[in-house]
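# Results of the structural survey
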Amino acid sequence: MAGDSEQRLEDHAENDHANRQPFLIGVAGGTASGKSSVCGKIMELLGQNEIDHHQRQVAILSQDSFYRVLTAEQKAKALKGQFNFDHPDAFDNELILKTLREIVEGKTVQIPVYDFVTHSRKEETVTVYPADVVLFEGILMFYSQEIRDLFQMKLFVDTDADTRLSRRVLRDISERARDLEQVLTQYITFVKPAFEEFCLPTKKYADVIIPRGADNLVAINLIVQHIQDILNGGLTKRQNGCLNGYSTPRKRQPSESSSRPH
């Protein structure tokens, strides 16, 4: 039966990864900075897009999948553009932490699916199988120290504010059924202040800062090379600054990364 075959594939994938931890990469940055595009470009350059999802060595997750389930009152505010989705409390951080820990243990995980039109979590989930490298992107991926310390590499996508706003306007109107006035009001009221208070300060935790997002192929190619080293099973010990050779994936000790100038 199909269900049995699916279960066997999951068990096989988990057994294959039982003896090694995946390399976790956090990708943060402001709204519409190009986090998803950077992750997608990394997947493309690694040739992972053309591989069956059961066999992929690299997986991508998004913090947007982990918005909290809203109360009736909160949902009514959200439908009017009056709920702050850029605040740390908007995310189910307990579920993010639980999911990351299961990924570290080499388990197959179920990722929620969030409907941005109705502002609700759907019934179905997306299955993510064990992978050697996991990219987890989101505006506040580095805000919680408990979550931040699980990442062996942290990337911050740094894109001009005007570019981010224009992208957000186009995305929210075309993909999320919003009108222009609502998008701009929400941006001024919630998005910009939350970016300055919660997201931008976490830039100091980044190991690598990527200006201009997916357009910065030099930075992305360096990261891709580093990931290829991990996938090949033996990191070459390069002494080239931000990508100074990591050892094989290991449990990260709670510590703060040094600050970087903006």
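Residues numbered from 1 in each chain as written. Predicted model: local features only at pLDDT ≥ 70, side-chain atom pairs only at ≥ 80, totals over all residues. Heavy atoms only, no water.

## A short note on the overall build of the protein chain
In plain terms, the rule: A run of H or I in DSSP counts as a helix once it spans at least four residues, and a run of E counts as a strand once it spans at least two, with each numbered from the N terminus. Think of it in three bands: with a 1.4 Å probe and only protein chains considered, a residue is buried below 20% of the maximum accessible area for its type, exposed above 50%, and partly exposed in between. Contacts were defined at the residue level, with two residues in contact if any of their heavy atoms lie within 4.5 Å.
Secondary structure assignment for the protein chain yields eight helices and seven strands. Relative to its 262 residues, the protein chain shows a buried fraction of 47%. Expressed as a percentage of contacts within the protein chain between residues at least 6 apart in sequence, the contacts between residues at least 24 apart total 74%.

## Section: unusual backbone geometry
One non-glycine residue with positive phi stands out, namely histidine 119, at about 55°. We note that arginine 212 has phi near 70°; this positive angle belongs to a residue other than glycine. The residue arginine 212 is located in the loop between strand S7 (208-211) and helix H8 (217-231) in this model.

## Digging into H8
The line we're drawing: Expected helix span is computed as 1.5 Å times (number of residues minus one).
The end-to-end C-alpha distance of H8, which contains 15 residues, comes to 20 Å, matching closely the 21 Å that a straight helix rising 1.5 Å per residue would cover. Buried within H8 are the following residues: Ala219, Ile220, Ile223, Val224, His226, Ile227, Asp229, Ile230 and Leu231. In this fold, the buried residues of H8 make contact with strand S1 (23-29), helix H2 (35-45), strand S2 (58-62), strand S5 (133-137), strand S6 (153-158) and S7. Looking one or two places after H8, you find glycine 233, whose phi comes out positive at around 90°.

## Some words on the packing of helix H6 (residues 161-175) against helix H7 (residues 180-199)
How we decide: Every axis corresponds to a line fitted to the C-alpha atoms, with the helix fit spanning only the stretch in contact, and the corresponding angles, defined between N-to-C directions, vary from 0 to 180 degrees. Any angle that is under 35 degrees is reported as roughly parallel, and any over 145 degrees as roughly antiparallel; angles of 65 to 115 degrees are reported as roughly perpendicular and all others as oblique. Left-handed describes a crossing whose near helix is turned anticlockwise from the far helix through less than a right angle; right-handed describes the clockwise counterpart. Gly counts as polar in this scheme, as do all residues outside two lists: the nonpolar Ala, Val, Leu, Ile, Met, Phe, Trp, Tyr, Cys and Pro, and the charged Asp, Glu, Lys and Arg.
Close contact between H6 and H7 brings their axes to 11 Å; oriented N to C, the two are set at 135°. By the angle class used here, H6 and H7 are oblique. Crossing angle aside, the handedness with which H6 passes H7 is right-handed. In contact with Ala161, Arg164, Leu165, Arg168, Val169, Asp172 and Ile173 of H6, H7 contributes Leu180, Val183, Leu184, Gln186, Tyr187, Val191 and Phe195. Of the residues contributing to the contact of H6 with H7, the split by class is ten nonpolar, one polar and three charged.

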